[in-house]
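These are the residues of each chain, in order.
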Amino acid sequence: MSTNQESTRLAVTRPVSAAMAACELTHVPRTAIDIDLARRQHEDYEQALIRLGCRIERLAEEPALADSVFVEDTAIVLDELAVITRPGAQSRRAEITSIAAALGKHRRLERIQAPGTLDGGDVLRVGRTVYVGLSTRSNAAAIGQLGALLARHGYRVQGVPLGGCLHLKSAVTQVGPQLLLINPAYVEPARFADMQFVQVDPGEPLAANALPIGDGIIYPASNPRTAQRLRQRGLAVHTVDVSELEKAEGAVTCCSLILSA
Ligand code: CIR
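Scope of this entry: the structure provided in the associated data block.

What counts, and where the lines are drawn
Residues numbered from 1 in each chain as written. Predicted model: local features only at pLDDT ≥ 70, side-chain atom pairs only at ≥ 80, totals over all residues. Heavy atoms only, no water. Salt bridge = Lys/Arg side-chain N within 4 Å of Asp/Glu carboxyl O. Helix = DSSP H or I, 4+ residues; strand = E, 2+ residues; numbered from the N terminus. Buried < 20%, exposed > 50% of the residue type's maximum accessible area, 1.4 Å probe, protein only. Pairing = 2+ DSSP bridges. Core = buried A, V, L, I, M, F, W, Y, C linked by side-chain atoms within 4.5 Å. Contact = heavy atoms within 4.5 Å.

Notes on the pattern of salt bridges
No. 1: Following the criterion strictly, the structure yields 15 salt bridges and no others.
No. 2: Put simply, glutamate 46 and arginine 58 hold a salt bridge, and the shortest N to O gap is 2.9 Å. Here arginine 58 lies in strand E2 (residues 54-58) and glutamate 46 lies in helix H1 (residues 35-51), a separation of 12 residues in the sequence.
No. 3: For glutamate 46, a relative accessible area of 6% translates into the label buried.
No. 4: The closest approach of N and O atoms between arginine 229 and aspartate 201, which form a salt bridge, is 3.8 Å. Of this pair, arginine 229 sits in helix H5 (residues 224-232) while aspartate 201 sits in the loop between strand E11 (196-199) and strand E12 (211-213), and the two are 28 residues apart along the sequence.
No. 5: The partly exposed category is assigned to arginine 229, whose relative accessible area is 30%.
No. 6: What you see here is one network of salt bridges that share partners, running through Asp73, Arg92 and Glu95.

Re the pairing of strand E9 (residues 172-176)
No. 1: For E9, the tally of buried residues reaches 5 of 5 residues, placing the bulk of the element in the interior.
No. 2: As paired strands, E9 and strand E10 (residues 179-182) are joined by 4 bridges and run antiparallel to one another. Bridged to valine 172 within E10 is isoleucine 182.
No. 3: In textbook terms, the turn of a hairpin is the stretch between consecutive antiparallel strands, and for E9 and E10 this stretch comprises 2 residues.

Some remarks on the nonpolar core
Burial of nonpolar side chains together is a common tendency in soluble globular proteins.
No. 1: Formed by 24 residues in total, the largest nonpolar core has its most connected members in Met20, Leu49, Ile218 and Leu245.
No. 2: Of all the secondary-structure elements, those providing two or more residues to this core are H1 and E12.
No. 3: Residue contributions to this core peak at 5 residues, all from H1.
No. 4: The contact partners of isoleucine 218, leaving out residues within four places of it in the chain, are Tyr45, Ala48, Leu49, Leu52, Ala210, Leu211, Ile213, His238, Val240 and Val252.

Here is the structure:
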């Protein structure tokens with residue numbers, strides 16, 4: 001039962017940019033994005049966050065920054081500090097200015113420095129282990145920097161080879177205390193010690209991106225067969241239609257930064 005003494009769960013979000021049609025794309029073919037629908041879907045996503053107990057801190061739109069709705073990539077937020085990333089795509093570097101201003105109110109800030117590049121979508125924390133995907137966006141220099149920054153706080157940072165998808169969290173996310181949702185075609189399950197797995201349905205390769213919040217899991221409606229697998233494990237799946245965000249190679253973890261405040 002929640003009480004007023006418990007910490008609040010805060011979700012930092014940012015609306016869909018008017019420029020989203022010019023988003024970065026790596027593994028997804030470019031198709032027309034309905035910006036108005038994308039905005040409505042993003043609002044529904046925020047409502048799902050609210051229903052699961054989050055307070056929303058909605059930043060101002062960045063009309064010139066095409067991918068700026070995907071705030072996850074700009075920072076790693078832990079209880080002890082926040083690390084502002086240096087996104088792998090040059091077009092996304094300007095997104096960090098407003099994120100640093102917002103997170104600086106809640107956490108001490110550190111930063112990834114050149115030549116390091118890191119997207120938050122490549123970072124999966126499981127307990128005190130922080131896995132980082134070696135993707136086209138995140139490099140070994142950033143992993144080294146993150147390792148040094150987080151070792152002081154008792155975290156172990158571990159690079160994970162990845163192939164066929166954009167980010168580590170396109171391939172694997174946590175859906176329970178010892179349970180990962182994974183697509184083994186993109187990342188080897190053996191990289192994650194002492195964990196159990198739910199595999200995505202083979203017909204839904206992009207289904208591994210789930211966002212657990214409190215007792216529920218926010219999950220894309222586009223993956224009904226994998227959703228059923230999660231429900232069969234007793235998980236409370238809350239589906240959201242994010243079709244337009246998926247056309248920009250995003251899903252559900254990427255549209256918020258979750259922190260206890
Ligand atoms: C990009 O390529 O950077 C964006 N179009 C999509 C980023 C999605 N981010 C995420 O899943 N963490």
